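Residues per chain, in single letters:
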Amino acid sequence: MSYNKDKALSYIMEHGNVLDTYKMEFMLGLGRDDKVPLDFFTSHQYEDGGFAFKMEKGNPSSVATTLSMLEWYNELEITYTGSYKRCVRFLLEHQEQGTWDEPDDIASLHPEEFYIPHALSTKLWLTAQTANDLLFYEKEEYAAQKALRFMHQHKRDDGTFKGYPITNWIMMSLYAQLGMSEAAQNLLPYVRTHIEKDTKLIIWALDCLWKAKMENVLAGELLDLIESKQTSEGCWTTSDGKECYPLITVEALRALKRWGRT
């Protein structure tokens with residue numbers, strides 16, 4: 001299995017925004033200019049430290065969107081900034097009774113199922129992911145432990161978690177980070193049989209394995225899946241295969257590079 005890196009790079013250069021292009025250049029060691037991502041983040045970040053839902057100005061601050069920015073501050077090595085610290089503070093301040101949820105205002109925007117405020121499935125993946133990322137990037141174990149107590153209220157009898165399958169991938173990662181190796185291993189049978197076909201979710205599952213430091217046969221299978229999903233235009237598409245996305249293409253390249261598929 002292989003992919004065409006040159007076509008992917010050309011697609012990003014032609015169709016990506018300034019941040020997509022910079023991410024690619026930074027990942028490949030083609031240059032560094034912290035002003036580029038900082039200008040982008042500053043122009044999109046609200047005073048509360050959050051980022052607008054779907055990065056569209058005028059939309060309310062979103063926990064999910066802000067969380068997606070957290071990793072790129074780290075990837076692009078600009079965590080020394082006040083902008084990053086405000087981003088972290090926003091996330092920490094929005095944990096309530098151990099959980100994270102999207103704000104009420106987002107409901108009026110008719111969000112996709114993953115982002116519906118107050119839906120249990122939204123609260124479960126968002127709580128698990130925010131705890132996992134804050135633990136990985138900021139060593140926020142106290143927040144992670146509070147999240148864990150909430151998550152344990154929604155375990156099934158077989159030890160897996162309610163909500164979307166990806167929630168179990170995230171929890172496997174969170175357990176591993178917290179040193180709960182037996183609990184992490186107990187989720188392996190479930191995740192092995194719940195490998196998603198959507199590129200974004202495949203990348204997400206790989207990120208969980210990376211944070212968990214669980215290098216196993218699943219990573220190879222997931223990487224093969226990503227490679228197989230590159231289109232003839234060089235990009236990676238939405239789940240329905242109808243539309244290419246520069247951001248997903250950048251994230252696919254990052255995952256492949258991270259795991260040695262260069």
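Residues numbered from 1 in each chain as written. Predicted model: local features only at pLDDT ≥ 70, side-chain atom pairs only at ≥ 80, totals over all residues. Heavy atoms only, no water.

**Focus: the side chain of Lys23**
Right, so step 1: Turning to its location among the elements, Lys23 is positioned in helix 2 (residues 18-27).
Right, so step 2: Although buried, Lys23 forms no salt bridge, and the nearest oppositely charged side chain, Asp20, lies 4.5 Å from it. (Helix = DSSP H or I, 4+ residues; strand = E, 2+ residues; numbered from the N terminus. Buried < 20%, exposed > 50% of the residue type's maximum accessible area, 1.4 Å probe, protein only. Lys, Arg positive; Asp, Glu negative; His and termini not counted. Salt bridge = Lys/Arg side-chain N within 4 Å of Asp/Glu carboxyl O.)

**Concerning the packing of helix 2 against helix 3 (residues 35-44)**
When two helices pack together, you describe them by how their axes are tilted relative to each other and by the distance separating the axes.
Right, so step 1: Their axes nearest at 10 Å, the elements helix 2 and helix 3 cross at an angle of 145°. Relative to helix 3, the crossing made by helix 2 is left-handed. On helix 3, the residues that touch Val18, Leu19 and Tyr22 of helix 2 are Val36, Pro37, Phe40 and Phe41.
Right, so step 2: By residue class, the composition of the contact of helix 2 with helix 3 is 7 nonpolar, no polar and no charged. (Axes fitted to C-alpha atoms, helices over the stretch in contact; angles between N-to-C directions. Left-handed = near helix turned anticlockwise from the far one by under 90°. Contact = heavy atoms within 4.5 Å. Nonpolar A, V, L, I, M, F, W, Y, C, P; charged D, E, K, R; others polar.)

**Remarks on the packing of aromatic side chains**
Each aromatic ring pair is summarised here by two numbers: the centre-to-centre distance and the angle between the ring planes.
Right, so step 1: Inspection of every chain in the model, using the stated rule, returns 16 aromatic pairs.
Right, so step 2: Taking 6.2 Å as the distance between ring centres and 55° as the angle between the ring planes, the aromatic pair formed by Tyr3 and Trp236 counts as tilted. Note that Tyr3 is positioned in the segment before helix 1 (5-15) and Trp236 in the loop between helix 12 (217-228) and helix 13 (246-258), a separation of 233 residues in sequence. Just as Tyr3 is buried, Trp236 falls in that class too.
Right, so step 3: Between Tyr22 and Phe26 the ring centres are 6.1 Å apart and the planes differ by 40°, which places this aromatic pair in the tilted class. Residue Tyr22 and its partner Phe26 are both found in helix 2; the two are separated by 4 residues, about one turn of the helix.
Right, so step 4: Classification of Tyr22 as buried rests on a relative accessible area of 4%. (Phe/Tyr/Trp six-rings, centres within 6.5 Å; stacked < 30°, edge-to-face > 60°.)

**Thoughts on the state of the cysteines**
Right, so step 1: Evaluation of the coordinates by the stated rule reveals 1 disulfide.
Right, so step 2: Disulfide partner of Cys235: Cys244, at an S-S distance of 1.7 Å.
Right, so step 3: Assessed through its relative accessible area of 0%, Cys235 is described here as buried.
Right, so step 4: The class of Cys244 is partly exposed, set by a relative accessible area of 21%.
Right, so step 5: We note that Cys87 lacks a disulfide partner, and the nearest cysteine sulfur, in Cys208, lies 18 Å from it.
Right, so step 6: You can call Cys87 buried: its relative accessible area is 0%. (Disulfide = S-S within 2.5 Å.)

**Details of the pattern of salt bridges**
Right, so step 1: Taken as a whole and judged by the stated rule, the model has 13 salt bridges.
Right, so step 2: Glu112 serves as the salt-bridge partner of Lys54, at 3.8 Å between the closest nitrogen and oxygen. Of this pair, Lys54 sits in the loop between strand 1 (51-52) and strand 2 (61-62) while Glu112 sits in the loop between helix 5 (82-93) and helix 6 (120-138); the two residues are 58 residues apart in sequence, bridging distant segments of the chain.
Right, so step 3: The exposure class assigned to Glu112 is partly exposed, which follows from its relative accessible area of 46%.
Right, so step 4: The salt bridge involving Arg258 is made with Glu75; its shortest N-O contact spans 2.7 Å. Of this pair, Arg258 sits in helix 13 while Glu75 sits in helix 4 (residues 63-75), placing them 183 residues apart in sequence.

**Some details on the packing of helix 1 against helix 13**
Right, so step 1: Two elements in contact, helix 1 and helix 13, have axes whose closest approach is 10 Å; the angle formed by their N-to-C orientations is 145°. Helix 1 and helix 13 meet at a crossing whose hand is left-handed. Side by side, helix 1 and helix 13 meet where Lys5, Ala8, Leu9, Tyr11, Ile12 and His15 of the first sit next to Pro246, Thr249, Val250 and Leu253 of the second.
Right, so step 2: Its residues assigned to classes, the contact of helix 1 with helix 13 comprises 7 nonpolar, 2 polar and 1 charged.

**Some remarks on unusual backbone geometry**
Right, so step 1: Residues other than glycine seldom take positive phi values, yet Met55 does so here, at roughly 60°.
Right, so step 2: Note on placement: Met55 falls in the loop between strand 1 and strand 2.
Right, so step 3: We classify Met55 as partly exposed; its relative accessible area is 22%.
Right, so step 4: Positive phi, close to 55°, is recorded for Lys213, a residue that is not glycine.
Right, so step 5: On the secondary structure map, Lys213 appears in the loop between helix 11 (199-212) and helix 12.
Right, so step 6: Relative accessible area serves as the criterion here: at 74%, Lys213 is assigned to the exposed category.

The values reported here are purely geometric and, on their own, carry no functional implication.
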